[in-house]
Amino acid sequence: QVQLVESGGGLVQAGGSLRLSCAASGRTFSTHFMGWFRQAPGKERVFVAAITWSGANTMYADSVKGRFTISRDNAKNTVYLQMNSLKPDDTAVYYCAGRNDKFYDGTLPAEYDYWGQGTQVTVSS
């Protein structure tokens with residue numbers, strides 16, 4: 001079973017940037033589809049971004065397209081989420097998740113196999 005640990009969250013002013021990291025344990029990480037989700041208080045967990053096992057293809061929610069960039073380094077078993085031009089609406093707990101499926105390309109939280117504990121991102125206006 002792969003375990004995930006997120007880091008890099010914090011408090012930032014609107015317009016600022018943060019980079020989230022998600023460190024994975026397990027030798028099979030490099031073949032897994034990985035995603036980032038977020039959950040604001042009182043709201044459902046929603047898709048933010050995802051990346052295929054090779055890093056060749058990425059997907060983004062419309063709300064973050066052009067501002068956020070997902071990437072991965074399989075040699076370091078790590079997935080990143082670079083967040084630029086942050087807005088107060090980006091405030092949420094951000095979760096990293098993975099699916100043990102080399103050919104998966106979905107965005108539904110229920111379809112992911114394992115999750116990290118989350119990291120808080122707060123954007124002040």
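Read on for a plain summary of the structure. Quantities reported herein were computed from a predicted structural model and do not represent experimental measurements.

Topic: unusual backbone geometry
Positive phi, normally seen in glycine, also occurs at asparagine 77, with a value near 50°. Inspection of the secondary structure assignment puts asparagine 77 in the loop between β7 (68–73) and β8 (78–83). We note that serine 85 has phi near 50°; this positive angle belongs to a residue other than glycine. The topology assignment puts serine 85 in the loop between β8 and β9 (92–99).

Considerations on the layout of surface pockets
Quantified by volume, the largest pocket comes out at close to 180 Å³. Around the largest pocket sit Arg38, Gln39, Ala40, Lys43, Glu44, Val46, Asp89, Thr91 and Ala92, which together line it. Considering only residue class, the lining of the largest pocket consists of 3 nonpolar, 2 polar and 4 charged.

As for the state of the cysteines
Per the counting criterion, the structure on display carries 1 disulfide. Disulfide pairing places cysteine 22 opposite cysteine 96 at an S-S distance of 2.2 Å. Residues cysteine 22 and cysteine 96 are joined by a disulfide whose S-S torsion is about -85°; by sign, that bridge is left-handed. Of this pair, cysteine 22 sits in strand β3 (residues 18–24) while cysteine 96 is found in strand β9, placing the two residues 74 residues apart along the sequence. On the accessibility criterion, cysteine 22 (0% relative accessible area) is buried. Taking relative accessible area as the criterion, cysteine 96 reaches 0% and is therefore assigned buried.

Calculation rules
- Residues numbered from 1 in each chain as written.
- Predicted model: local features only at pLDDT ≥ 70, side-chain atom pairs only at ≥ 80, totals over all residues.
- Heavy atoms only, no water.
- Helix = DSSP H or I, 4+ residues; strand = E, 2+ residues; numbered from the N terminus.
- 1 Å grid on protein atoms, 1.4 Å probe; cavity = no way out; pocket = protein on both sides within 12 Å on 5 of 7 lines; lining within 4 Å.
- Points joined across faces, edges and corners; volume = space filled by probe spheres on them.
- Nonpolar A, V, L, I, M, F, W, Y, C, P; charged D, E, K, R; others polar.
- Disulfide = S-S within 2.5 Å.
- Buried < 20%, exposed > 50% of the residue type's maximum accessible area, 1.4 Å probe, protein only.

Structural measurements only, silent on function.
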